[in-house]
Amino acid sequence: MTPRQDDGTFPNAAPRPEEELAKLLRIWKPVSGLRILSAVNNTYVGLFYIATAFLFFILAGILALLMRAQLAVPENDLLGQNAYNQIFTMHGTVMMFLFAVPIVEAIAIFMLPNMLAARDLPFPRLSAYAFWAYAVGGIVFFCTLFFGLSPDGGWFMYPPLTSSEFSPGYNADFWLLGIGFIEISAIAGAIEIVVGVLLTRAPGMSLDRMPIYAWAMLVFAAMIVFGFPAVILATALLELERAFDWPFFIAERGGDPLLWQHLFWFFGHPEVYIIFLPAAGMVSMIVPAMTGTTLVGYRLVVLALLGTGFLSFGLWVHHMYTTGIPRLSLSFFSAASMAVAVPSGIQVFAWIATIASGRLRLTVPTLFILGFLFIFTMGGLTGVMVAMVPFDWQAHDTYFVVAHFHYVLIGGAVFPIFAAIYYWAPTASRRPLSERLGRWFFGLTFVGFNIAFFPLHIAGLRGMPRRVYTYPAEFGWDWLNMISTVGAFMIAAGVLVFLVDLVRNFRFSFDRSFGNIWNAGTLEWLPTGTYQTRSIPIVTSREPLWDQPNLAENVEAGRYFLPGAPTGSRETIVTSPIEARPRYILRLPNASWRPMLSAVFTAAFFLLLTVKFVVTAVACGVAAIVMMIWWMWSTDPGPSHPPVDIGGGIRLPVYVRGPASHSWWAMIVLALVIGTTFASLVFSYYFLWTVSPEVWPAITGASVPAPGWPLTSAALLVASSAAIAYGSRALMLPTGRGSWPVRIALLLAITLLIASLAIELFGQWQTGLRPTESGYGATVYAIAGMQGLLVFALTIMGLYTIARSLAGLLGAGRRATYDNTMLLWHYTVGQGLVALFVVHVSPRILA
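On a predicted model such as this, the values are computed, not experimentally measured, just so you know.

J.: Looking at this structure, I do not really get the overall build of the protein chain. What am I missing?
T.: When helices and strands are counted, the protein chain shows 25 helices and 6 strands. For 847 residues, the compact-globule estimate of 2.2 N^0.38 gives 29 Å, and the C-alpha radius of gyration of the protein chain, at 28 Å, lies within 12% of that figure. In terms of overall dimensions, the protein chain has a C-alpha envelope of 80 × 75 × 50 Å along the principal axes. Buried residues in the protein chain amount to 61% of all 847 residues. Sequence-distant contacts, at least 24 apart, represent 80% of the contacts inside the protein chain between residues at least 6 apart. A total accessible area of about 30,900 Å² is found for the protein chain, and carbon and sulfur atoms account for 70% of it. Side chains of the protein chain give 46 positive and 41 negative charges; the mean places of these two sets differ by 11 Å.

J.: Where do I start with the nonpolar core in this structure?
T.: It is characteristic of soluble globular proteins that their nonpolar side chains tend to be buried jointly. If you look at the biggest cluster of nonpolar residues, it comprises 273 residues, and the most contacted ones within it are Tyr213, Trp260, Phe264 and Trp424. Counting residues per element, this core draws most heavily on helix α3 (residues 81–116), at 23 residues.

J.: Whenever I open this one, the pairing of strand β4 (residues 582–587) confuses me. Can you help?
T.: Successive side chains on a regular strand alternate, one facing one side of the sheet and the next facing the other. In terms of strand pairing, strand β3 (residues 571–575) meets β4 through 5 bridges, oriented antiparallel. The residue bridging Thr572 from the neighbouring strand is Leu586, located in β4. Taken together, β3 and the strand that follows it, β4, pair antiparallel across an intervening segment of 6 residues, in which Ala580 is found at a positive phi of about 60°.

J.: So what exactly am I meant to see when it comes to the packing of helix α4 (residues 124–143) against helix α18 (residues 594–610) here?
T.: When two helices pack together, their arrangement is captured by the angle between the axes and the distance separating the axes. Between α4 and α18, whose axes approach to 8 Å, the crossing angle comes to 35°. At the point where α4 passes α18, the crossing takes the right-handed sense. On α18, the residues that touch Arg125, Ala128, Tyr129, Trp132, Ala133, Val136, Gly137 and Val140 of α4 are Pro595, Met596, Ser598, Ala599, Val600, Thr602, Ala603 and Leu607. For the contact of α4 with α18, the per-class residue count stands at 12 nonpolar, 3 polar and 1 charged.

J.: What's the story with the pattern of salt bridges in this structure? I'm lost.
T.: Side chains that differ in charge, positive against negative, can pair when their charged atoms come close. Tallied over the entire structure, the rule returns 8 salt bridges. Asp173 is paired through a salt bridge with Lys612; the nearest N and O atoms lie 4.0 Å apart. With a gap of 439 residues between them, Asp173 in helix α5 (residues 171–199) and Lys612 in the loop between α18 and α19 (614–632) connect regions that are remote in the sequence. The exposure class assigned to Lys612 is partly exposed, which follows from its relative accessible area of 40%. When the shortest N-O distance is used, the salt bridge between Arg467 and Asp397 registers 3.2 Å. Taken together, the residues span a long stretch of sequence, with Arg467 in the loop between α14 (435–461) and α15 (478–505) and Asp397 in the loop between α12 (389–395) and α13 (399–424) at a distance of 70 residues.

J.: What is the right way to look at a nonpolar patch on the surface in this model?
T.: A contiguous nonpolar surface patch, about 450 Å² in accessible area, is contributed by Leu300, Leu303, Leu306, Val342 and Ile346. A per-element tally of the nonpolar patch places helix α8 (residues 298–311) first, with 3 residues. Residue classification places Val342 among the exposed positions, given a relative accessible area of 53%.

J.: Help me understand a positive patch on the surface in this model?
T.: Together, Arg430, Arg431, Arg436 and Arg504 give the surface a local cluster of positive charge. Along the polypeptide, Arg430 turns up in the loop between α13 and α14.

J.: Where do I start with helix α6 (residues 212–244) in this structure?
T.: When the terminal C-alpha atoms of α6 are compared, their 47 Å separation across 33 residues agrees well with the 48 Å that a helix rising 1.5 Å per residue should span. At Gly227, α6 shows its largest kink, close to 30°, and the proline Pro229 lies no more than four residues downstream. Counted residue by residue, α6 has 27 buried out of 33 residues, so it is predominantly covered.

J.: So what exactly am I meant to see when it comes to unusual backbone geometry here?
T.: Note on backbone geometry: most residues besides glycine have negative phi, and most peptide bonds are trans. The amide bond that connects Pro159 to the next residue, Pro160, takes the cis arrangement and shows omega of 10°. Mapped onto the fold, Pro160 is located in the loop between α4 and α5. Despite not being glycine, Glu75 has its phi angle at roughly 50°, a positive value. With respect to the helices and strands, Glu75 occurs in the loop between α2 (42–71) and α3.

J.: What should I look at first to understand the packing of helix α24 (residues 775–806) against helix α25 (residues 816–845) in this one?
T.: Taken N-terminus to C-terminus, the directions of α24 and α25 make an angle of 160°; their axes are 10 Å apart at the nearest point. Here α24 lies roughly antiparallel to α25, going by the angle between them. Once α24 is placed against α25, the crossing between them reads as left-handed. Its residues placed into classes, the contact of α24 with α25 shows 14 nonpolar, 8 polar and 1 charged.

J.: Honestly, the packing of aromatic side chains in this entry has me stumped. Any pointers?
T.: Between two aromatic rings, the relevant description is the distance of the centres plus the angle of the planes. Applying the stated criterion across every chain yields a total of 74 aromatic pairs. Positioned over the ring face of Tyr298 is Arg542, at 3.8 Å from the centre of the ring.

J.: In this structure, what is going on with the environment of Ser331? I would like to understand it.
T.: Tracing the chain through its elements places Ser331 in helix α9 (residues 327–339). For Ser331, a relative accessible area of 47% gives the class partly exposed. Separated by 56 residues in the primary sequence, Ser331 and Ala387 have C-alpha atoms spaced 9.9 Å apart.

J.: Before we go on, may I ask you to explain the side chain of Ser842 in this structure?
T.: Structurally, Ser842 is set in helix α25. We classify Ser842 as buried; its relative accessible area is 2%. A polar atom in the side chain of Ser842 sits 2.5 Å from the side chain of Tyr686. Excluding its chain neighbours within four sequence positions, the residues that come into contact with Ser842 are Tyr686, Trp689 and Phe837.

J.: Can you help me understand the environment of Pro278 in this one?
T.: Along the chain, the position of Pro278 falls in helix α7 (residues 257–291). Taking the C-alpha atoms as reference, Pro278 lies 5.8 Å from Met217; in sequence the two are 61 residues apart. For Pro278, the residues in contact, after removing those within four places along its chain, are Val104, Tyr213, Ala216, Met217, Phe220 and Tyr273.

What counts as what
- Residues numbered from 1 in each chain as written.
- Predicted model: local features only at pLDDT ≥ 70, side-chain atom pairs only at ≥ 80, totals over all residues.
- Heavy atoms only, no water.
- Helix = DSSP H or I, 4+ residues; strand = E, 2+ residues; numbered from the N terminus.
- Rg over C-alpha atoms; globule rule 2.2 N^0.38 Å.
- Buried < 20%, exposed > 50% of the residue type's maximum accessible area, 1.4 Å probe, protein only.
- Contact = heavy atoms within 4.5 Å.
- Areas by Shrake-Rupley, 256 points an atom, 1.4 Å probe, with all protein chains shown as cover.
- Lys, Arg positive; Asp, Glu negative; His and termini not counted.
- Charge placed at Lys NZ, Arg CZ, Asp CG, Glu CD.
- Core = buried A, V, L, I, M, F, W, Y, C linked by side-chain atoms within 4.5 Å.
- Pairing = 2+ DSSP bridges.
- Axes fitted to C-alpha atoms, helices over the stretch in contact; angles between N-to-C directions.
- Left-handed = near helix turned anticlockwise from the far one by under 90°.
- Nonpolar A, V, L, I, M, F, W, Y, C, P; charged D, E, K, R; others polar.
- Salt bridge = Lys/Arg side-chain N within 4 Å of Asp/Glu carboxyl O.
- Patch = residues over 30% accessible without salt bridge, like charges linked within 9 Å, V, L, I, M, F, W, Y side chains within 5 Å.
- Expected span 1.5 Å × (residues − 1).
- Bend = angle between axes of the 7 residues up to and from the residue.
- Parallel < 35°, antiparallel > 145°, perpendicular 65-115°, else oblique.
- Phe/Tyr/Trp six-rings, centres within 6.5 Å; stacked < 30°, edge-to-face > 60°.
- Lys NZ or Arg CZ within 6 Å of the ring centre and 35° of its normal.
- Polar contact = N/O pair within 3.5 Å; in protein donor to acceptor, adjacent residues only side chain to side chain.

Below is the structure:
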């Protein structure tokens, strides 16, 4: 490596040749016209994502105004009961599933590459797929409101109210399949964020130099990985019950409605922190910039983010105090609910200390931060109140709870998001947003919010129940609701001012953004183009723009890494996850229609299944798979390009495989998602066993398959894993000699895997067990069904890998496709063995 100068640049500190810049501009040339929809780089996709999320915010806000208008006076008939139920269900669903999580994911997709000095995130087409799946699915889902088909069981969709007996139409199905599908797109975005933060940081940006926002997004993505599978499983189980009469939640047949609450709130309460932590990360970026000083307690704030993420998964029963949970359990969850205030408090005090140690500028972002601190603290105080079991018994299902979670969610997320928009708008716009209009926006929103929601605390304490479409005049709630309605319309007026500000001042530009008007110290304020940074700097501190003189000028002059495009394509540097040392060059894709078409066909598959157009849905599913295979065909280029000079005398390979590869990390995260889903299903099995032992074979003595069935199935699973391992060794043979052994090993592994599943299903069926009989039968077949989904996916992946071998695209040096398939294969075998133990051994040893 060539020695660096004192300013961190390389000895040839003169600007790189203009030909390199011209080449960079040509390779990263923006798409135009209709082809803009095919863009996959984070700049386009991030802005599409942010705009769509705000569209849903406005739509949900309009629904909120209709609700407040209905409740403004007693015995109002503006909305009927059914219409009100649909509107309040859609308001909560859209705000939580289509705005709150997507907006923070969208901002991350747009900002993280800038902040990490990467040219893009590692899977641009996955980001595009996640966006289009979310946009198409979300818009179609919202449009059900205009046809009377929107769900009306509340955004939490508790059974038995949402069972086929009490909700026989398609309304609940649109929620179950639509939201379940949209959450899958959120998981795709989370995988992108995890791998991006860990592997695409600027050289030198070790974990202890990483911006707090990147830490917050890493914890956010990890929480999605471990939290969202539970709600996806819950939606799948309820849809199976509605469509095929599998009684997971029917108490009379060995199910239990409380199973839904456990699964839903295992996702639902962490979701509050999934929304809050990115907002807290934004605050931790804005406060230092507004005070001109570094964040006080950086390491404590990082630990607080990690602690909040960990503790949030021990709070879900916080929502179930009135369901008959044993008192010992209530004590545990009550203590955990109060303990989570500690890491949140650490962050608040760190922000206050930072403000005290610097000189605070009273800008629009600052105002929203101060508003956030006030409102979120209020929400935290009422949160401690409802964490206490005796108080919660009194306040549960009243408007006190409605007021509490709006203080937490709007104060804890929406205010910081608007602060971030005003703060980061100059990175993407030729003009900053207006300070004058921004102050009006803040004033109307802050005052309107407190007028709208503070009175609801009082209404709740006076006994007003939530989820009612009207109320009698003599209860004395009318004046409180009228005040609340006035406040809601003040918030709407503030949002209108914000939209006017956007129209008047936001002028998107790739290469002529207004720049660092706040004199902030982090890398997102470097000069950017469609390629993000002109060259990728070496980072030596947490605030490089403050601590490294002339960094922006040297980056723009091309005096750091990758000043051009040495591979002749879009590219970025992949670095090590801890110390951020350069490892290899990752070539990035150009604009493509394939992710968009894959997402459209996937959305069509789920939505057509909702209305029982099965044949058309299957056709769309096949089309989605074809589009994905077409998209994936070019993702394993192999060592087709020699190592390249990235600057400073460093030469990096352009292809790696195994644990050094970004795709290997993505498969690990995907396996964690699948494993969490499976763990939730195993929990469901044992939970129903606990609450309905009368239908379990260990208690009733009902027959279970003879030991030969699971032993044979297990042997076939292990044999399939051995076949895959043999194929991996055969792949290392010289070209030509290993091709057919690899193909035969894959075909044998597929056959063994399918045979294992078939034997397990036949063994259960021949005992007379049926999924419609009881909760036991339903969970047994659900476990087999989940294994079947993995077998189906691996069959496609195995055949795809064989096709690449036949095309000459697989070999000893070009084996990332095989390695990733093998990784998921071994996981599936392990899951299958655990499933056999749960279904076959548990009833015998616990009899």
